[in-house]
Every structure is written in C-alpha cells, then in structure tokens.
Amino acid sequence: MGGNVFVTREIPKEGIDLLRAKGYLVTVSPHDRPLERDELLASIADSDGVICLLTDRIDAQAFDAARKAKGFANCAVGFDNLDVKEATKRGIPLSNTPGVLTNATAEMAWALLFAISRRVVESDAVMRSGGWKGWGPLQFIGGDVSGKTLGIVGAGRIGTAMAMMSRGFDMKVLYADEMRNELLENKLGAEQVSLDRLLAESDFVSVHASLLESTRHLLGASQFALMKRSAYLVNTARGPVIDEAALVIALRDGVIAGAGLDVYEFEPKMASGLADLRNVVVCPHTASATVSSRSAMSSTAALNLIAMMEGHRAPNCLNPEVYKL
Ligand code: GLV
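Across the 5 residues that make up strand β7 (residues 172-176), a large majority, 4, are buried. Summarising the sheet, strand β6 (residues 149-153) and β7 pair through 5 bridges and their orientation is parallel. When the bridges of β7 are listed, Thr149 appears paired with Lys172. In terms of strand pairing, β7 meets strand β8 (residues 191-192) through 2 bridges, oriented parallel. Looking at the pairing, Leu174 lines up with Glu191 of β8. You can see the chain leave β7, run along helix α8 (residues 182-188) and come back into β8, and the turn it takes is right-handed.

Pasting the structure below:
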C-alpha cells in the first residue's frame with residue numbers, strides 16, 4: 001500500500017485528508033489554474049494514482065505519461081474530458097462523482113431560470129449604477145414561471161431533480177430522453193416527448209444531457225427556431241451540447257426570449273457577442289459549487305482512487321470492464 005497521488009489542482013481538503021490518512025503521499029498542483037499540457041504530463045509521470053478535473057484532458061498521451069498510474073479519478077460527474085475507450089483498452093480504471101452534486105446543479109438550473117426570466121441581473125445592474133429613478137409599471141417585465149411548461153432535455157439524475165423541484169410551481173413537465181423516466185411520470189405526470197415537441201411546447205427548456213458525440217450541438221439554429229419566442233433556455237450540463245454561436249444569433253434576433261448559462265462551448269471563453277446581450281445570464285461553471293457538494297466530490301474522488309489503488313473496483317467506476325480483462 002501507499003504510493004504517490006497527484007491532484008491536478010487544489011480541491012476541498014476532505015479527499016486529500018482521506019488519501020493521506022491511508023498513507024498516500026499526496027502532491028497537489030501549486031497553481032490555481034488548470035495545468036498546461038506539458039505541466040500535466042510531467043506532473044503525473046511518477047504517480048500511482050491521479051485525481052483530475054474536468055479541465056484536464058486525460059487521453060492516450062496522459063496514460064503514456066503516467067505509466068505507473070493504477071487509475072484516474074475525475075472530480076466531476078461529467079467525464080467528457082476522459083478517453084474512456086482508450087483507458088479501457090489499456091485496463092486503466094476511471095471514475096467520476098455522481099450523486100453528490102445532483103441537487104446543487106438542479107438548484108443552479110433554477111437559479112438561472114429565475115434570474116433570466118425575472119431579469120434579476122439586469123435589474124441589479126441598474127440599481128448599482130444609480131440608474132433607477134423609482135417604481136414604474138412597465139419596468140423589467142419578465143416571464144411567468146408558475147403554471148408554465150418545463151422541458152427537460154436529458155432526464156437523468158440532475159434533470160430528474162430539476163423537474164422534481166418544479167412541484168412548488170405547479171408546472172407541466174415534458175422530458176426528452178432515450179429512457180423512460182417512471183419517477184417523473186408517476187410523481188409529476190410528466191410526458192416523454194420528442195425533442196422537437198419539447199422545444200415547441202416548453203416555456204423553459206433546461207438542458208441536462210451528457211456531452212457525447214450524439215449530443216454535440218443537439219441544440220442549434222433549427223432547434224431554436226422551433227421554440228416559442230417567449231421561451232427561455234437554461235444550460236447547466238456541458239457547453240458543446242448547444243451551438244453557442246447560433247445561440248447568440250437566436251438571442252440577438254429574438255428567436256427566443258433569453259438564456260441562463262453555466263457552461264460554454266469553449267470554456268473559459270464565451271462565444272463572440274454573448275456578453276453584449278441583455279437577455280442572457282452567464283455564470284462561470286459553478287453549478288456544483290456549494291460547500292457540501294464540492295466537499296463530497298472531493299471525498300468521492302478520493303474514495304474511488306483509493307479503491308483503484310488498492311486493486312478493488314471503484315464505487316463509481318466508469319469502465320468496470322477493466323476488472324474482467
Ligand atoms: C461539473 O460540471 C461536473 O461535471 O461535475
């Protein structure tokens with residue numbers, strides 16, 4: 001037992017403490033930024049295990065660099081930054097952190113939904129600038145939420161939680177997913193519909209689909225054209241699920257009413273023109289950024305890595321086939 005663990009950026013201490021308590025020598029990147037490619041490859045060269053982040057591309061080159069590594073634990077639920085196929089081919093286990101950030105992410109989707117429909121950020125800016133001259137009947141009129149239709153694109157853990165939270169607002173819920181979601185159907189009377197129908201009928205479309213080749217640019221110009229002009233789009237999943245340049249045009253031309261975004265196609269950049277629009281609220285990929293979620297992500301990643309390093313199946317293994325190779 002024991003060995004070297006590299007953590008690619010400082011994370012909440014819970015996971016580091018777990019690893020150290022198990023006798024691992026833990027090195028945390030000293031930089032408060034994602035590592036440059038060459039820094040990452042050099043830093044993992046002597047590691048027996050790695051905790052990585054969604055900003056690290058873990059692929060064949062990284063596996064070549066980390067010859068001794070017995071596993072990579074992503075401190076995130078999304079894992080489009082990991083080349084799972086390549087890792088499986090090489091028998092290297094990978095893991096993510098599902099479950100512990102479900103409510104935090106769903107809550108952020110709601111925060112964005114309200115912020116954009118009730119124009120919270122625009123209003124805040126006017127107040128701070130001293131531009132408010134007193135109450136007016138036509139000021140900052142936004143969209144209603146209660147009784148409206150919520151469309152969930154991707155009804156997995158987080159999409160389900162977002163939908164369940166709509167109960168307080170008495171909304172009609174539609175969802176588009178390959179899988180039936182009986183919980184949503186039974187508890188909310190939600191209806192599984194095609195993506196096109198969801199887009200056409202929803203007042204709020206909230207994106208919760210994982211980023212896969214099949215979901216890249218799932219929503220682009222022709223999908224926005226199907227939406228109501230009064231509809232709002234929320235994305236707390238992954239940026240590339242939306243064609244961001246097309247979204248800028250749709251928002252600019254009033255094809256849809258607004259968008260609340262936590263993720264971007266080319267993070268940390270935003271598509272040109274997005275930041276100039278009033279009908280968008282933008283957050284810096286912070287949907288899981290609550291005290292308990294980030295702490296739990298840290299300890300979940302550590303427990304996964306400890307299992308991998310001890311030769312057990314990691315609780316959140318993404319490629320369990322490696323144990324049968
Ligand atoms: C955050 O985006 C995550 O995937 O955990």
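Let us keep going from here.
What follows deals with the sheet that holds strand β1 (residues 3-7). The parallel open sheet is built from 5 strands, whose spatial order is β2-β1-β3-β4-β5. In the strand order of this sheet, the two ends are held by β2 (24-28) and β5 (94-95), each with one partner. Sheet topology note: the strand β3 (residues 49-52)/strand β4 (residues 72-74) ladder contains 3 bridges and is parallel. Looking at β4, one finds that Cys52 is bridged to Asn74.

Counting 52 residues, the largest nonpolar core has Leu19 and Ile51 as its most contacted members. Beyond its immediate chain neighbours, meaning those up to four positions away, Ile51 contacts Phe6, Val7, Thr8, Ile11, Leu19, Ala73, Cys75, Ala301, Ala302 and Leu305. Formed by 31 residues, the second largest nonpolar core is a distinct cluster that contains Phe224, Ala246, Ala271 and Val280.

Around the ligand, the neighbouring residues are Leu54, Ala76, Val77, Gly78, Leu101, Arg238, His285 and Met297. The contact in question runs from an oxygen atom of the ligand to an N or O atom on the backbone of Val77, over 2.8 Å. A distance of 2.7 Å is found between an oxygen atom of the ligand and a backbone nitrogen or oxygen belonging to Gly78. With the chains in place, 90% of the 190 Å² that the ligand exposes on its own is no longer accessible. The residue makeup of the shell around the ligand, split by class, is 5 nonpolar, 2 polar and 1 charged.

Running from N to C, helix α1 (residues 13-21) and helix α12 (residues 291-309) cross one another at 25 degrees; their axes reach a closest spacing of 6 Å. Comparing the axis directions of α1 and α12 gives the class roughly parallel. In this structure, the crossing between α1 and α12 has a hand that is right-handed. Between α1 and α12, the contacting residues are Glu14, Gly15, Ile16, Leu18 and Leu19 on the first element and Ser295, Ser298, Ser299, Ala302, Leu303, Leu305 and Ile306 on the second. Here the residues of the contact of α1 with α12 sort into 7 nonpolar, 4 polar and 1 charged.

As a further point, take unusual backbone geometry. The omega angle of the peptide bond from Glu267 to Pro268 is 5 degrees, so this bond is cis rather than trans. By the element assignment, Pro268 lies in the loop between β11 (258-261) and β12 (280-282). If you check the backbone angles, Asp170 has positive phi at about 50 degrees while not being a glycine. Its place among the elements puts Asp170 in the loop between α7 (157-164) and β7. Its relative accessible area of 63% is what places Asp170 among the exposed residues. Notably, His285 is not glycine yet its phi reads approximately 50 degrees, a positive angle. Residue position: His285 is located in the loop between β12 and α12.

Rules used in this analysis
- Residues numbered from 1 in each chain as written.
- Predicted model: local features only at pLDDT ≥ 70, side-chain atom pairs only at ≥ 80, totals over all residues.
- Heavy atoms only, no water.
- Buried < 20%, exposed > 50% of the residue type's maximum accessible area, 1.4 Å probe, protein only.
- Helix = DSSP H or I, 4+ residues; strand = E, 2+ residues; numbered from the N terminus.
- Pairing = 2+ DSSP bridges.
- Right-handed = clockwise from strand over helix to strand, strands pointing away.
- Core = buried A, V, L, I, M, F, W, Y, C linked by side-chain atoms within 4.5 Å.
- Contact = heavy atoms within 4.5 Å.
- Near = heavy atom within 4 Å.
- Polar contact = N/O pair within 3.5 Å; in protein donor to acceptor, adjacent residues only side chain to side chain.
- Areas by Shrake-Rupley, 256 points an atom, 1.4 Å probe, with all protein chains shown as cover.
- Nonpolar A, V, L, I, M, F, W, Y, C, P; charged D, E, K, R; others polar.
- Axes fitted to C-alpha atoms, helices over the stretch in contact; angles between N-to-C directions.
- Parallel < 35°, antiparallel > 145°, perpendicular 65-115°, else oblique.
- Left-handed = near helix turned anticlockwise from the far one by under 90°.

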